[in-house]
Amino acid sequence: NHTISNFTIQNQSNFIIQGSIQACGFFSFLFETAEIHNLTLNNVTIQDEMSKGDQDDFFMFSCGVLCGFERKTNISNCNITNCKIDIAYSNTSSILMLFIGGLFGVVYNSASTNTIITNCNVINTSIKITCNSDILSCYVCGLFAINPLSESKTQLINSSFIGNITFDNTDGIN
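Notes on the structure in this doc start here.

Conventions adopted
- Residues numbered from 1 in each chain as written.
- Predicted model: local features only at pLDDT ≥ 70, side-chain atom pairs only at ≥ 80, totals over all residues.
- Heavy atoms only, no water.
- Helix = DSSP H or I, 4+ residues; strand = E, 2+ residues; numbered from the N terminus.
- Buried < 20%, exposed > 50% of the residue type's maximum accessible area, 1.4 Å probe, protein only.
- Contact = heavy atoms within 4.5 Å.
- Areas by Shrake-Rupley, 256 points an atom, 1.4 Å probe, with all protein chains shown as cover.
- Polar contact = N/O pair within 3.5 Å; in protein donor to acceptor, adjacent residues only side chain to side chain.
- Pairing = 2+ DSSP bridges.
- Core = buried A, V, L, I, M, F, W, Y, C linked by side-chain atoms within 4.5 Å.

1. Some words on the overall build of the protein
Secondary structure summary: the protein contains zero helices and 17 strands in total. When the 174 residues of the protein are sorted by exposure, 48% land in the buried category. Expressed as a percentage of contacts within the protein between residues at least 6 apart in sequence, the contacts between residues at least 24 apart total 84%. Of the roughly 7,900 Å² of accessible surface on the protein, 46% is carried by carbon and sulfur atoms.

2. A short note on the side chain of Ser159
Tracing the chain through its elements places Ser159 in the loop between β16 (154–157) and β17 (160–169). Reaching out from Ser159, the side chain makes a polar contact with the backbone nitrogen of Asn119 at a distance of 3.5 Å. Looking at Ser159, its side chain comes within polar contact range of the main-chain oxygen of Ile157, at 3.0 Å. Apart from residues no more than four positions distant in its own chain, Ser159 is found in contact with Ile117, Thr118, Asn119, Cys120, Asn121 and Leu143.

3. Brief notes about the pairing of strand β10 (residues 97–101)
Taken across its five residues, β10 has five buried, putting it largely inside the fold. In β10, alternate side chains face the same way, and those of Met97, Phe99 and Gly101 on one face and Leu98 and Ile100 on the other are all buried. Where strand β6 (residues 60–64) meets β10, five bridges bridge the pair, whose relative direction is parallel. What sits directly across from Ser62, in β10, is Phe99. With five bridges connecting them, β10 and strand β14 (residues 137–141) associate as parallel partners.

4. Remarks on the nonpolar core
Of all hydrophobic cores here, the largest spans 35 residues; its most connected members are Ile46, Leu66, Ile87 and Phe104. Contributing elements (two or more residues each) for this core: β1 (2–10), β5 (35–51), β6, β8 (74–81), β9 (84–90), β10, β11 (104–107) and β13 (121–131). Per element, the largest residue contribution to this core is five residues, and it comes from β5. By size, the runner-up hydrophobic cluster in this structure holds nine residues, among which are Ala23, Phe29, Phe69 and Val106.

5. Some thoughts on the environment of Thr33
Mapped onto the fold, Thr33 is located in the loop between β4 (27–31) and β5. Residues Thr33 and Thr115, 82 residues apart in the sequence, show an inter-C-alpha distance of 9.0 Å.

6. Details of the sheet that holds strand β7 (residues 67–71)
Strand order in this open sheet of four strands is β4-β7-β11-β15, and the pairing throughout is parallel. Each of the sheet's edge strands pairs with one partner strand only, and the pair in question is β4 and β15 (145–146). Examined bridge by bridge, β7 and β11 share three bridges and lie parallel to one another. Considered in β11, the bridge of Cys67 is made with Phe104.

In structure tokens:
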């Protein structure tokens, strides 16, 4: 087992962009056959504030403590403990979709790919998102969000989220 503790990821200049997708997490992107086993991330903070003019154009922003954007991986015995995600975006007309989760920001699979998550827990973790209606779609989940544009085949086995999720729409439109 491996434990990595006490670090902060902040400011969008530290986030990785691939094509039109911006992602952040301990790993920004995990693709195809990647495997992660027996890992604990403890006391991690991910913070970002962005307003119009602060960023390049991108279609999707995804953020998770372990990984921002995930596709076709095998993850087991991974724990996220005592962590915090705090993202605030306003007037960001270039972002169409936000995906935020405690484990992964987004799971994006196709009909022929499969993600397997076994014995992974997000414990005592808070997720806070502040944005306005310039964001077309915002998906915030305890473990991970699934992109509605993908044909997800995700197996979630014996995994859980214990924490808080706060969403604040600054212009009051839902």
